[in-house]
Amino acid sequence: MIIFTIATLTVLLGIGYAEIAGLLQNRLSEFTDVRHLVGVCLVLVVIAITARVIAESLFMSLRQAQEKSAALEESQRRLARMIDASPESITITTLDDGVFIEANPACEQLYGYKREELVGRSAVELGFWTDPEDRRRFVADLRRHGVVEAREVRLRRRNGELREVLASGALIEFEGRQLMLFQAVDVTERRRTEHLLEESEARLAKMIEASPEAITIGSLEEGKFIEANPACEQLTGYTREELIGRSPVELGFWPDPEERGRFISDLRRDQVVHGRELRLRRKGGELRTILASAAIIDLKGRRFILFQAVDITERKNAEKALSEHEVMLRELSAHHDSVREGERAHIAREIHDELGQALTALRMDLSVLGMKFGEADPRIREQVQELKGRVDAIVQVVRDVATALRPAALDLGIVPGLEWLVEEFQKRNGIHCTVSVAESDIALGEDRSIVLFRIVQESLTNVSRHAGARNVEILLDHDTERIRLDVEDDGVGFDVEAARSKKTFGLLGIQERVIMLRGELSIASAPGRGTRVSVSMPIA
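What you are looking at is a predicted structure, and each value in this text was computed from that prediction instead of being measured. (Residues numbered from 1 in each chain as written. Predicted model: local features only at pLDDT ≥ 70, side-chain atom pairs only at ≥ 80, totals over all residues. Heavy atoms only, no water.)

**Considering the overall build of the chain**
The helix and strand inventory of the chain stands at 17 helices and 15 strands. In the chain, which comprises 540 residues, the share counted as buried stands at 31%. Across the chain, every contact between residues at least 6 apart in sequence was considered, and the portion connecting residues at least 24 apart equals 52%. (Helix = DSSP H or I, 4+ residues; strand = E, 2+ residues; numbered from the N terminus. Buried < 20%, exposed > 50% of the residue type's maximum accessible area, 1.4 Å probe, protein only. Contact = heavy atoms within 4.5 Å.)

Written out as structure tokens, the structure is:
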């Protein structure tokens, strides 16, 4: 542009000079002619305008050149700041011998050298490359392609420590020279972590392989197995090769689709499911009971289900057999109690009727004997009176034994039986005791009446022996379906758990009686706070 402007100016000046010279030489005599004068003026004006335009163009070109130079300098400063601020190690070196021209602070941190110690020296001289062949291949690829991206190499720091770096390079030109822009990211810790992770995964794989629990890993979307251990083969009846790539649904593992739906739904919601009993169908169609746990895990960016299962079929069978055995034992115990109560009632009646009648007849005979011979011999009368007193004592013992075996009041119902029991308790122990009964009549079968009576009897026995109570309150209430009994005292109380661990037969007997009648028993007590025994059971 500047050259074109100068050429234009030269042409115009030459034309103007020729015109003026010609006019002065050929038409000097006509100098006064107005037309020629106007022509000269026009030429001079054109020359002035052209000169101004040329000057402005020159000044504008100069200003643009200065602005471009300033922008270039600003760009270079920004690039320098970016390089200095970069967390990646960045260096600029000569391509052939690798002499450092520039290095940023991250480079100082990576290599352990200050910038002043790097500039002017080469990477080979400083021994950065642990394998010279790595540098040769890197430079060759850089020459061939102009760029090398993310290549893993090992570099040596100033203290001799080896670091794994992810290196990239690019060819740049500066002042006619080819230079290498070299970027490096220290991935030593990352690689170390990945190595530890690989070792951990290897150990986990061995643990899974050796685990006695059946373990599988399957995709979350389709459930297709990608891993299965030997215990899984034993549980399912399928080999590992038969399992991989197939899903539990495809293999028919779940006999109940709804059970599977609930399990997967809970797993997706909570990310983990612990200790759930499920049923599993083996290869031959046999159903097994398993205790299963599962968790959603991430592997290489994908989500999988880690499934663990333990076959508890035999344990469940044993528990069922034990439960049935316990039921049989309770039924046997209940039958034994029923028989014992029947025997008690029979013995009580026999004692009351047979022995009572015999003693009554004996007393009557003694009275007749006293009347017949007592008047004649006072000694006989005294002996007869003594014998009658002994018979009366024996009769009372018989009555007490019969009542202990089976209170006659119990034949009238649970309420009269409890009232009699409380009255006798107060007489023997001097402890105040009250009975509160629902206003409506309580119609109970004999088995439940006897159980409630014996529970109250056992509770009052414990109160008299251990509680040191001054008051006892008995509450008997019911609704249309259940009856409730509470026996509460204000005694010293006791540690319920400690008493249960001792397996005292009193508490055990009460508990077994309640269980057999499908009832519930609770004992609330603490040292210094008294005791409450609560029983709830169906009326029928």
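On we go.
**Remarks on the sheet that holds strand E3 (residues 147-156)**
Across the sheet, which stays open at both edges, the five strands sit in the order E2-E1-E5-E4-E3 with antiparallel pairing between neighbours. Sheet topology places strand E2 (100-103) and E3 at the edges, where each strand pairs with a single neighbour. In this sheet, neighbouring strand axes are inclined to one another by 30° on average, regardless of whether the strands run parallel or antiparallel. Looking at chain direction, strand E1 (residues 89-94) and strand E5 (residues 177-186) are connected through six bridges and run antiparallel. Bridge pairing links threonine 94 to leucine 179 in E5. This element, helix H6 (residues 132-145), spans E1, E3, strand E4 (162-174) and E5 of the sheet and lies at about 165° to E3. (Pairing = 2+ DSSP bridges. Axes fitted to C-alpha atoms, helices over the stretch in contact; angles between N-to-C directions.)

**What to know about unusual backbone geometry**
Positive phi, normally seen in glycine, also occurs at alanine 150, with a value near 45°. With respect to the element layout, alanine 150 can be found in strand E3. Residue classification places alanine 150 among the partly exposed residues on the basis of a relative accessible area of 48%. Located in the positive-phi region is glutamine 271, a residue other than glycine, with phi close to 70°. Within the element layout of this structure, glutamine 271 appears in the loop between helix H11 (257-270) and strand E8 (272-281). With a relative accessible area of 33%, glutamine 271 lands in the partly exposed category.

**Describing the packing of aromatic side chains**
By the definition in use, this model includes 10 aromatic pairs. Measuring from ring centre to ring centre gives 4.2 Å for tyrosine 111 and phenylalanine 128, while their planes differ by 10°; the resulting arrangement is stacked. Of the two residues, tyrosine 111 sits in helix H3 (residues 105-111) while phenylalanine 128 sits in the loop between helix H5 (123-126) and H6, which places them 17 residues apart along the sequence. The exposure class of tyrosine 111 is buried, given its relative accessible area of 4%. Grouping aromatic residues by their ring pairs yields a cluster made of Phe100, Tyr111, Tyr113 and Phe128. (Phe/Tyr/Trp six-rings, centres within 6.5 Å; stacked < 30°, edge-to-face > 60°.)

**Examining the pattern of salt bridges**
Inspection of every chain in the model, using the stated rule, returns 36 salt bridges. A salt bridge links arginine 154 to glutamate 164; the nearest nitrogen and oxygen atoms lie 3.3 Å apart. Of this pair, arginine 154 sits in strand E3 while glutamate 164 sits in strand E4, and the two are 10 residues apart along the sequence. Here aspartate 270 makes a salt bridge to arginine 269, at a shortest N to O gap of 3.2 Å. Classification of arginine 269 by relative accessible area gives exposed; the value is 54%. A network of salt bridges, in which partner residues are shared, links Arg157, Glu161, Arg163, Asp186, Glu189 and Arg192. (Salt bridge = Lys/Arg side-chain N within 4 Å of Asp/Glu carboxyl O.)

**As for the nonpolar core**
One finds Leu452, Val456, Leu476, Ile483 and Leu485 to be the most contacted residues of the largest nonpolar core, which totals 30 residues. Secondary structure elements with two or more residues in this core: helix H14 (414-429), helix H15 (446-467), strand E12 (471-478), strand E13 (482-489), helix H17 (505-516) and strand E15 (531-538). Of all the elements, H15 adds the most residues to this core, at eight residues. In contact with isoleucine 483, other than residues within four places in its own chain, are Ile442, Leu444, Leu452, Leu476, Asp477, His478, Val535, Ser536, Met537 and Ile539. The next biggest cluster of nonpolar side chains, apart from the first, holds 24 residues, and it includes Leu243, Leu278, Ala294 and Phe307. (Core = buried A, V, L, I, M, F, W, Y, C linked by side-chain atoms within 4.5 Å.)

**A look at the sheet that holds E13**
On the basis of which strands lie adjacent, the open sheet formed by five strands has the order E11-E12-E13-E15-E14 and mixed pairing. Strand pairing shows two members of the sheet lacking a second neighbour, strand E11 (432-437) and strand E14 (520-525), which therefore form its edges. Within this sheet the neighbouring strands show an average axis-to-axis angle of 10°, counted without direction. Pairing of E12 with E13, which is carried by seven bridges, proceeds in the antiparallel orientation. By the bridge assignment for E13, aspartate 477 is matched with arginine 484. Contacting E11 and E12, H14 runs over the sheet at an angle of about 170° to E11. Packed on one face of the sheet, H15 meets E11, E12, E13 and E15 and runs near 10° to E13.

**Observations concerning the side chain of arginine 454**
Relative to the helices and strands, arginine 454 is located in helix H15. A polar contact of 2.7 Å, which involves the side chain of arginine 454, links it to the side chain of glutamine 457. (Polar contact = N/O pair within 3.5 Å; in protein donor to acceptor, adjacent residues only side chain to side chain.)

**A few points about the pairing of E14**
Bridge analysis of E14 against E15 gives six bridges, and the strand direction is antiparallel. Note that in E15 the partner of isoleucine 523 across the bridge is valine 533. Count of turn residues in the E14/E15 antiparallel hairpin: five residues, of which glycine 528 carries a positive phi of about 85°.

**Regarding the packing of H14 against H15**
Between two packed helices, what matters for the description is the angle formed by their axes and the separation of those axes. Relative to each other, H14 and H15 sit at 15°, their axes nearing to 10 Å. Between H14 and H15, the interaxial angle falls into the category roughly parallel. At the point where H14 passes H15, the crossing takes the right-handed sense. Of the residues in H15, those in contact with Ile414, Gly417, Leu418, Trp420, Leu421, Phe425 and Asn429 of H14 are Ser449, Leu452, Phe453, Val456, Gln457, Leu460, Val463 and Ser464. Considering only residue class, the contact of H14 with H15 consists of 10 nonpolar, five polar and no charged. (Parallel < 35°, antiparallel > 145°, perpendicular 65-115°, else oblique. Left-handed = near helix turned anticlockwise from the far one by under 90°. Nonpolar A, V, L, I, M, F, W, Y, C, P; charged D, E, K, R; others polar.)

Function cannot be read off these values alone, since they describe shape.
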